[in-house]
Each structure stands twice: as C-alpha cells, then as structure tokens.
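Coordinate analysis (summary)
Residue strings, one per chain:
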Amino acid sequence: MAACLKWLLRYRNYLMIFFTPLVILPLPLVIQTSEASCGYVIILMALYWCTECIPLAITALLPVILFPMMGIMESGEVCVQYLKDSNMLFIGGLLVAIAVEHWNLHKRIALRVLLLVGVRPALLMMGFMITTAFLSMWISNTASTAMMLPIAQAVLQQLSDTEARADERELGRSTKAGQDNQAFEMGDAKESHDDAERKPKENGVSRETLEESPEAELRRGRREQKYLQLTKGMSLSVCYAASIGGTATLTGTTPNLILKGQVDELFPGNGGVINFASWFGFSFPNMVLMLAISWLWLQFMYMGFNMKKSFGCGTDKEGDEEAYQVMKDEYKKLGGMSFAEGAVLVVFVFLVILWFTREPGFMPGWATVLFNQEKQYVTDGTVAIFMSTLFFIIPSQMPSCKSYSEDGKPVKAPPTLLEWGVVHERMPWNIILLLGGGFALARGSEISGLSLWLGESLTPLQTIPPFAISILLCLLVATFTECSSNTATTTLFLPILASMATAIKLHPLYVMLPCTICASLAFMLPVATPPNAIAFSYGNLRVIDMAKAGFILNIVGVITINIALNTWGTAMFNLNTFPDWANTTVTTP
C-alpha cells in the first residue's frame, strides 16, 4: 500500500494531465452547447493552473488548441489575443526594469535611502520597506526582494557582532577587543594563532570565554533570541513590502495589467478608464496605507513598542556606527554614477512623466491634444515601447573622438544601454503567454455565451449590498491566491466578476478593481509568491511565523482596499452609477 502511494505521489503530475480531461469530459458531451464547451476549457485550465502539473505558460496556450477544435473561435481570432496592447505595455515596462537592474541603478537608489534612515531597528525596518516598495513599483517583486534581503542580513549581522563585543567589554573579558575593532576581529593578541583557530566563535566572540560566565551565557542567549526575532521581522517586512509595492503602479505586477486588458477586451467602449495615471491615483494612497499598517504590525510582532529599543532613544550610538558603515561601504563600492546609470535614470523619469501626463483625467493630456482627438491612437503601451526602444539606441558610454586608446589599440564603439542578449536572458516570456491566455479565455467566454449565462445565474446577488459583495469576493480571491499564482487567479476570476457586475447592474470596477489588488495579497505561505519563498530561505522562518503575520495582513489588506474603493475610488471612477459602456459587452464580429 505504501509503495502504491509513493508511486502515485511520484507520478501525480502525469495522472493529473491525463485523467483530468477525461473526468470532466461528460460536461461538453452531455450538454452539447458552446457555453458548456467553453466551460470545459476554463475548468481544465483552472485545474492545470492550480496544480501546476504542466508549466503555467503551456496551460495558457490551450485555447489555441481547444477553442478551434470545439468550434468556439477560429484559430486566427484566438491567436490575435496573445499580443494585445496590454502585452506591449508589459513588455515596455519590463525593458525599463531590465535596464535599471542591468546597470545596478536600483541598488544605488536602495542604499541611498537606507543611508538616510539610519540603522535603528524600527527606522531600519521602515527604510527597508519603503525602499523595497518603491523598487517593486518599477521592477519585479522578486528582483527587489532578492536584492534587499542580503543587505538587511549584512546590517543585522553587523549589529549583532557589535552588541556581542559590547557585552564582552562590559564583562571585562576582552579589553583589547573593546579598544580596537580590528584587533578584535584578528583575535586576542595575547593568544597564539593556533589557539585562536581551535576555539569556536559565536558572533565573533570566543564561546569558551562566554561559557566561563553564567551571566555572559545568559546575555548571549538573549542576544541571539533578539536578533532571531529581528531577522524574522526584517525578512517578512521586505517580502511583504515587495508584494504591496507592486500594487501601486499599472506595470508593478501582472494582475494589474490583466485587469486593464480584460476591461478593454470586455468593455471596448470604456474610454481608457484604466490607465497609468488613474491606476496610480487610486492604488498609491492605498499602498501607502497598507505599508504603514504592515510596518506597525510587524513592529508589534517582532520588536514590540519599546521606544528606547526600537527607535534608539537614549541609547549609545557607538554600535550603530559600525552597522551604518556596512551600508556606507556597499555604497562606496558602486563608485560615482556612470554615464549609463544617468542615461537610464533620465529615460526612466521621462517615461513616468509621459505616463502621468498622457491622460491625467483632470485636464486634457498631451496624447489627447496631439493624437487622440478621434480615437485612442496612442496608449500607455505606445509610450512604454517608444521609451524602452531608446535603450537600444543610446550608447552606454559618452562617445569619444579618439581613434586609439592609450595602449595603441583602436577604440571600439561602446555598446548600447541594452543588448538583445541581456533582454532575452531576463525577459519572463512565460508571463506574456499567461496574459494572452487570459485574454483568449475572456474572448471565448464572451463569444460562446458563457459570460451571459454566468451573469444571468448570478442575478440573485442583486439583493446583497454592493459593499458586502466586494468584501466577500476579496476574501475569496485573497484565500485562493495563497494556493495559486496571482496571475492565474486574476485570469480566472475577472471574466466571471465582469459578467456578474453586468448582470446585477453594478459598476464592473467595483468588484474587479479590489479583487485584482487582493490577488497580490499572498502573505501567508512561503509557496504563495517568489518573494515569500526568498524570505523563507533567508530569515530562519517557520511556516507558522509567516502564517501568523500574513493572516492579519490579509484581513487588513481586504479592509483597506474596500475603504479606498468606497472613498476616493468611488469619486475617481464614479462607482455609484452603472456606466453606459458596461451596458453592452463586446459581441461577435
């Protein structure tokens, strides 16, 4: 029996791949309608996405095979869905992120901010969260987490070593070490090199020395426990800040772009209601609120609210100086800002300015005045591709008039800021296919009539207050995204939510917008997001540590999003009324 279970466990992916289509096959065979056929495809893809028995991107390609074979859509119409305007916006945003990472501009920004906030525990956590969130607005959440956590570990290790030396000085065990940090690191001058090698070290202090004194042993235990808690809190703060920061901009994380693409696909007459400026106006204040509450909660869980310990009021600054020096040394290693870094920064700043001023909402934008009088010719995707193309044109060094270098060799033309080899290696092509798969599903649901059927089935929800519907759906999505990728979650839920909103005459964004953001609130499990997994490996965390901290933040996130939705969100998007553009969704051509 045990051997059989082990075999099933080993081959579970193959079993899922082959048996799942057979188990749900009666649906299209018994109910021979296009709605049932489309439902079969959606259920199959949902199960494949949740179990990840085959790669997510390959699952996203199933509509290309199944929709034509089941008579739902023609092949050419399905394939067009895989490279729409939202995909171009995604590609342009990623090219900017790759350029920023390639020239280490993100590390310079991060260290500069951390040097400003200092190394006191509470302020240090705040600094790491603010920096990580800001970076995650523009580069991937995974990259910002992977960069920030090693810096946090180095600073905390230095603080721990400094406190260990302070304890030893106070106990009178190592006067030499207390006077000269370098001498301490090299070992006691009175000991021979061989003796120093034979004695094990604990946080830079001889364990034998500490074991001689019960008080020293007690202090070491307290210090280790203190820095274990600090490490846990700092690791969680970075990964949570990455997920929260990604919600602030339209290109910050994939679900945001899926929402834009689905709204444009399902409601083509929406007039560009979701663009970079409108998304930022709604999501950025919500991000700041969630970040502040997350900081307070992690501060309470892992540091307490002791002002003296957390903020360093009235404490000796000598230990902090060494930890501060660690960050200072890292910053010095970067050297002065190069021409390439400056060029990337200029392009990045201009891109953000163009995004904000294209359709600001309160006044005509430059795109409206110059190009979009009749139709939406220029979109955020147009701007993203235009500016990111400059990375392949601008040289990475200031062009020189010299023909020969100092050693007599011919001077070669400098490479551009980005080369295709770098982009090919770092571009997450699988996400582009995932986006396309979501758009194909939405289009197939609409053409087959499945969306209409779902909407009619959900009509009884009209009796429930809208705010209650929003909260319940947010809780459902926040729970589902803990076990599935946020991309798959939004791809599956948004078409259903759009159908439901249309059926009960509720503004589609009233349910689609908060559920999209909630898909990024995967705080409870290490496997929920790559940032969580990175933090789990760095921070000596247990699953229960992440679950306890993340459960409260999930609840807080749902509450803050719904507060934002019913206050400034309602004012921005006029969510109290059912819009004309939602009366009729896209129809079959």
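These notes cover the structure that comes with them. Model, not experiment: these values are computed from the prediction.

**So, the overall build of the protein**
- Helix and strand counts for the protein come out as 31 helices and two strands.
- The long-range fraction of contacts in the protein, counting pairs at least 24 apart against all pairs at least 6 apart in sequence, stands at 77%.
- Roughly 27,300 Å² of accessible area belongs to the protein as shown, and the carbon and sulfur atoms make up 64% of that amount.

**Points about the packing of aromatic side chains**
- Counted under the stated rule, the structure contains 16 aromatic pairs.
- An aromatic cluster of three or more residues is present, and its members are Phe134, Trp138, Phe276, Phe280, Phe284, Phe348, Trp355 and Phe356.
- Above the face of the Tyr331 ring, Arg108 is positioned so that its terminal group lies 5.7 Å from the ring centre.
- Positioned above the aromatic ring of Tyr331, the side-chain terminus of Arg112 is 5.0 Å from the ring centre.

**Comments concerning empty space enclosed by the protein**
- Counting across every chain of the model gives two cavities of 30 Å³ or more.
- Estimates place the volume of the largest cavity at around 70 Å³.
- Lining the largest cavity are Val100, Leu105, Ile109, Phe134, Leu135, Trp138, Ile139, Leu345 and Phe348.
- Mapped onto the lining of the largest cavity, the elements with two or more residues apiece are helix H9 (105-117), helix H10 (121-136) and helix H21 (339-358).
- Here the lining of the largest cavity is built from residues that sort into nine nonpolar, no polar and no charged.
- Considering only enclosed or pocket space, the second largest cavity measures out at about 40 Å³ in volume.
- Forming the boundary of the second largest cavity are Gly93, Val96, Trp138, Thr251, Phe348, Leu351 and Trp355.
- Listing elements by their share of the lining of the second largest cavity, those giving two or more residues are helix H8 (85-102) and H21.
- Considering every element that reaches the lining of the second largest cavity, the biggest residue donor is H21, with three residues.
- Residues that form the lining of the second largest cavity fall into these classes: five nonpolar, two polar and no charged.

**So, the packing of H10 against helix H16 (residues 214-245)**
- Viewed as axis vectors pointing N to C, H10 and H16 meet at an angle of 30 degrees, and their least axial separation amounts to 7 Å. Viewed along their axes, H10 and H16 adopt a mutual orientation that is roughly parallel. Handedness of the H10/H16 crossing: right-handed. For the pair H10 and H16, the contacting residues are Pro121, Leu124, Met125, Phe128, Met129, Thr132, Ala133 and Ser136 in the first and Leu230, Gly233, Met234, Ser237, Val238, Ala241, Ala242 and Gly245 in the second.
- Across the contact of H10 with H16, the residue classes tally to eleven nonpolar, five polar and no charged.

**Some words on helix H29 (residues 508-518)**
- Judged by how many residues are buried, H29 sits mostly within the fold: eleven of eleven residues are covered.
- Among the residues making up H29, those that are buried are Pro508, Leu509, Tyr510, Val511, Met512, Leu513, Pro514, Cys515, Thr516, Ile517 and Cys518.

**What to know about the environment of Trp420**
- Counting through the fold element by element, Trp420 comes out in helix H24 (residues 420-426).
- With a relative accessible area of 52%, Trp420 lands in the exposed category.
- Sequence separation of Trp420 and Phe392 is 28 residues, and the distance between their C-alpha atoms is 8.3 Å.
- Excluding anything up to four places from it in sequence, Trp420 contacts Phe392 and Trp429.

**Structural notes on the nonpolar core**
- Ranked by internal contacts, the top residues of the largest apolar core, which has 158 residues, are Trp49, Phe128, Leu236, Tyr240, Val511 and Met512.
- Not counting residues up to four positions away in its chain, the partners in contact with Phe128 are Leu114, Met148, Ile151, Ala152, Met234 and Val238.

Criteria and cut-off values
- Residues numbered from 1 in each chain as written.
- Predicted model: local features only at pLDDT ≥ 70, side-chain atom pairs only at ≥ 80, totals over all residues.
- Heavy atoms only, no water.
- Helix = DSSP H or I, 4+ residues; strand = E, 2+ residues; numbered from the N terminus.
- Contact = heavy atoms within 4.5 Å.
- Areas by Shrake-Rupley, 256 points an atom, 1.4 Å probe, with all protein chains shown as cover.
- Phe/Tyr/Trp six-rings, centres within 6.5 Å; stacked < 30°, edge-to-face > 60°.
- Lys NZ or Arg CZ within 6 Å of the ring centre and 35° of its normal.
- 1 Å grid on protein atoms, 1.4 Å probe; cavity = no way out; pocket = protein on both sides within 12 Å on 5 of 7 lines; lining within 4 Å.
- Points joined across faces, edges and corners; volume = space filled by probe spheres on them.
- Nonpolar A, V, L, I, M, F, W, Y, C, P; charged D, E, K, R; others polar.
- Axes fitted to C-alpha atoms, helices over the stretch in contact; angles between N-to-C directions.
- Parallel < 35°, antiparallel > 145°, perpendicular 65-115°, else oblique.
- Left-handed = near helix turned anticlockwise from the far one by under 90°.
- Buried < 20%, exposed > 50% of the residue type's maximum accessible area, 1.4 Å probe, protein only.
- Core = buried A, V, L, I, M, F, W, Y, C linked by side-chain atoms within 4.5 Å.

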